[in-house]
Amino acid sequence: MTLKAAVYFYLDEQPEQIFSLWGLTDLIGLTVGRRVMPHTVRAACKDYADASGAEFYCVDNAHSRYKYVPGFKIAGALTGRE
């Protein structure tokens with residue numbers, strides 16, 4: 001599974017929340033089975049938000065905390081998997 005697909009599938013199932021980018025990066029790294037960088041995960045989250053109509057923005061820059069407000073579920077459509 002690609003990093004982008006892992007982020008899309010994860011965000012598809014999440015409710016509105018505030019989370020740490022570091023925690024999300026660790027979770028995605030475990031999902032894809034390799035080390036991933038936070039800026040890459042953040043970019044995939046922003047791409048997902050743009051494509052799905054969700055909101056993803058920083059609420060605490062010093063602690064790398066982001067707010068996520070879900071939009072439409074799109075992971076299956078964009079990655080070809082369900």
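Nothing here was measured: the structure is a model prediction, and the numbers come from that model. (Residues numbered from 1 in each chain as written. Predicted model: local features only at pLDDT ≥ 70, side-chain atom pairs only at ≥ 80, totals over all residues. Heavy atoms only, no water.)

S.K.: Help me understand the overall build of the chain, please; the structure alone is not making it clear to me.
M.R.: Check the secondary structure of the chain and you find four helices and three strands. Sequence-ordered secondary structure for the chain, helices as α and strands as β, is α-β-α-α-β-β-α. Against the globule reference of 12 Å for 82 residues, the chain gives a C-alpha radius of gyration of 12 Å, in line with a compact fold. Expressed along its principal axes, the backbone C-alpha trace of the chain runs to roughly 35 × 30 × 15 Å. Burial statistics for the chain: of 82 residues in total, 39% are counted as buried. For the chain, long-range pairs separated by at least 24 residues make up 58% of all intrachain contacts whose partners lie at least 6 apart in sequence. Surface exposure of the chain reaches about 4,900 Å², of which carbon and sulfur atoms provide 52%. Across the chain, the 9 positively charged side chains and the 9 negatively charged ones have centroids separated by 7 Å. (Helix = DSSP H or I, 4+ residues; strand = E, 2+ residues; numbered from the N terminus. Rg over C-alpha atoms; globule rule 2.2 N^0.38 Å. Buried < 20%, exposed > 50% of the residue type's maximum accessible area, 1.4 Å probe, protein only. Contact = heavy atoms within 4.5 Å. Areas by Shrake-Rupley, 256 points an atom, 1.4 Å probe, with all protein chains shown as cover. Lys, Arg positive; Asp, Glu negative; His and termini not counted. Charge placed at Lys NZ, Arg CZ, Asp CG, Glu CD.)

S.K.: Explanation requested: the pattern of salt bridges in the structure shown.
M.R.: Taken as a whole, this structure holds three salt bridges when the rule is applied. Residue K73 is joined to E13 by a salt bridge in which the shortest nitrogen-to-oxygen separation is 3.6 Å. Residue K73 is found in the loop between β3 (65–69) and α4 (75–79), and its partner E13 is found in the loop between α1 (3–12) and β1 (17–20); the two are separated by 60 residues along the sequence. Like E13, K73 is exposed. Across the pair E16 and K67 runs a salt bridge whose closest N-O atoms are separated by 3.0 Å. Taken as a pair, E16 in the loop between α1 and β1 and K67 in strand β3 lie far apart in primary sequence, 51 residues in all. Its relative accessible area of 49% is what places E16 among the partly exposed residues. (Salt bridge = Lys/Arg side-chain N within 4 Å of Asp/Glu carboxyl O.)

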